[in-house]
Amino acid sequence: MPSEPAGSVAPPPRRAVRIGPSILSADFLRLGEQIAAAEAGGADFIHVDVMDGRFVPNISIGLPVLEAVRAATDLPVDVHLMIVEPERYVDRFVAAGADSLTVHVEASPHLHRTLQQIAEAGALPGVTLNPATPLAAIEEVLPIVRQVLIMSVNPGFGGQTLIPAALDKIARLRAALDRVNPTCPIEVDGGVKASNIRRVVEAGAEAIVVGSAVYAPGVDAAEAMTALRRALA
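Once a new chain begins, its residue numbering starts again from 1 and follows that chain's sequence as written. Totals for whole chains, interfaces and linings use every residue, but because this is a predicted model, local features are given only for residues with pLDDT of at least 70 and side-chain atom pairs only at 80 or more, for both listing and counting. Processing note: side-chain calculations cover all non-hydrogen atoms of the structure and skip hydrogens and water entirely.

## Considerations on the pattern of salt bridges
Item 1. Here, a salt bridge means any side-chain nitrogen of Lys or Arg that lies within 4 Å of a carboxyl oxygen of Asp or Glu. In the structure shown here, the tally under the stated rule is nine salt bridges.
Item 2. Put simply, Arg 174 and Glu 206 hold a salt bridge, and the shortest N to O gap is 3.5 Å. Of this pair, Arg 174 sits in helix H5 (residues 165-180) while Glu 206 sits in the loop between helix H6 (197-203) and strand S8 (207-210), and the two are 32 residues apart along the sequence.
Item 3. Overall, the relative accessible area of 3% leaves Arg 174 in the buried class.
Item 4. Exposure remark for Glu 206: the relative accessible area of 4% places this residue in the buried category.
Item 5. Arg 198 is paired through a salt bridge with Glu 202; the nearest N and O atoms lie 3.2 Å apart. With a gap of four residues between them, Arg 198 and Glu 202 both fall in helix H6, about one helical turn apart.
Item 6. Within the structure, one salt-bridge network assembled from shared partners comprises Asp 27, Arg 30 and Glu 33. Segments assigned H or I by DSSP are reported as helices when at least four residues long, segments assigned E as strands when at least two residues long, and all are numbered from the N terminus. Accessibility here uses a 1.4 Å probe with only protein chains present; expressed as a share of the type maximum, an area under 20% marks a residue as buried, one over 50% as exposed, and anything in between as partly exposed.

## Here's the deal with unusual backbone geometry
Item 1. Phi at Glu 85 is positive, roughly 50°, even though this residue is not glycine.
Item 2. Among the secondary structure elements, Glu 85 is positioned in the loop between strand S3 (77-82) and helix H3 (90-96).
Item 3. When its relative accessible area of 37% is taken as the criterion, Glu 85 is described as partly exposed.

## A short note on the sheet that holds strand S5 (residues 124-129)
Item 1. For two strands to count as paired, DSSP must find a minimum of two bridges between them. Taken together, eight strands build an open sheet; the order of strands is S1-S8-S7-S6-S5-S4-S3-S2 and the sheet is parallel. Looking at which strands have only one partner, the edges of the open sheet turn out to be strand S1 (18-21) and strand S2 (46-51). Here the strands of the sheet are splayed against their neighbours by 25° on average, with no regard to which way each runs.
Item 2. Of the pairings in the sheet, the one linking S3 to strand S4 (residues 100-104) comprises four bridges and is parallel in character. Where helices are involved, their axes are fitted lines through C-alpha atoms of the stretch in contact, as for all axes, and angles between N-to-C directions lie from 0 to 180°.

## What to know about the UniProt feature "binding site: substrate" (unreviewed entry) in the protein chain
Item 1. Residues given the UniProt feature "binding site: substrate" (unreviewed entry) here are Ser 22, His 80, Gly 156, Phe 157, Gly 158, Gly 159, Asp 189, Gly 190, Gly 191, Gly 211 and Ser 212.
Item 2. Relative accessible area serves as the criterion here: at 44%, Phe 157 is assigned to the partly exposed category.
Item 3. Contacts are assigned to residue pairs with any non-hydrogen atoms lying within 4.5 Å of each other. Excluding anything up to four places from it in sequence, Phe 157 contacts Met 51, Pro 57 and Asn 58.
Item 4. Here Gly 190 lies in the loop between strand S7 (186-189) and H6.
Item 5. Contacts of Gly 190, omitting those with residues within four sequence positions, involve Ser 152, Val 153, Leu 162 and Val 209. UniProt positions are given in the numbering used here, feature names are shortened, and annotations may be inferred rather than shown by experiment.

## Comments concerning the UniProt feature "active site" (unreviewed entry) in the protein chain
Item 1. With numbering aligned to this structure, UniProt lists the feature "active site" (unreviewed entry) at Asp 49 and Asp 189. Across 141 residues, the annotated set stays spatially compact, with a maximum C-alpha separation of 10.4 Å.
Item 2. By secondary structure assignment, the location of Asp 49 is in strand S2.
Item 3. Not counting residues within four places of it along the chain, the set of residues in contact with Asp 49 comprises Ser 22, Leu 24, Ser 60, Ile 61, His 80, Met 82 and Asp 189.
Item 4. Summarising the element assignment, Asp 189 is placed in strand S7.

Rendered as structure tokens:
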């Protein structure tokens, strides 16, 4: 076999792709059922979107719903804080059941401290970027994060269409992480469905958040999860 060129570093092997439904699109009258259906379809985690109506133009859910999700599943619960001053609530969200907690660079002026706070509280620290935010905004914290979330839509509402430029951004982020934090996964949220999930993964994503592709009127969540897996096969 040919040897690696002198001075080159082989990229780390990719891990299995994880898929997690976002309950933002779920029927809250049947939340326990809907989580169970996604689990039956092979969900790897449950994603919880927290919106405050200030950082994003919508209000979603908070601590009581997170506690209900935690009681309804043994899967990891991945919480995405789309709120201003997230550092004020880190300990409470971890105590309510978050296994991983992701904050926005745009909302966290003391990002390094906030990521440390998440880790000290006992959750995996993650950072996310809006579509128009350049990767340079998180360059200084890439060595310490445990997850980077790329928003492939503008946050605030479910059911949007994936912004194509996100694919190149994912690839550039993967290259940057491979240099300084190769075990850190990239998560992608926004507009991912069976018709485009393969392209998102090929760009470098290892965790995929899906909303309306799994939770929508007339859609069986377990079958939708199976279709997403089939699209990756």
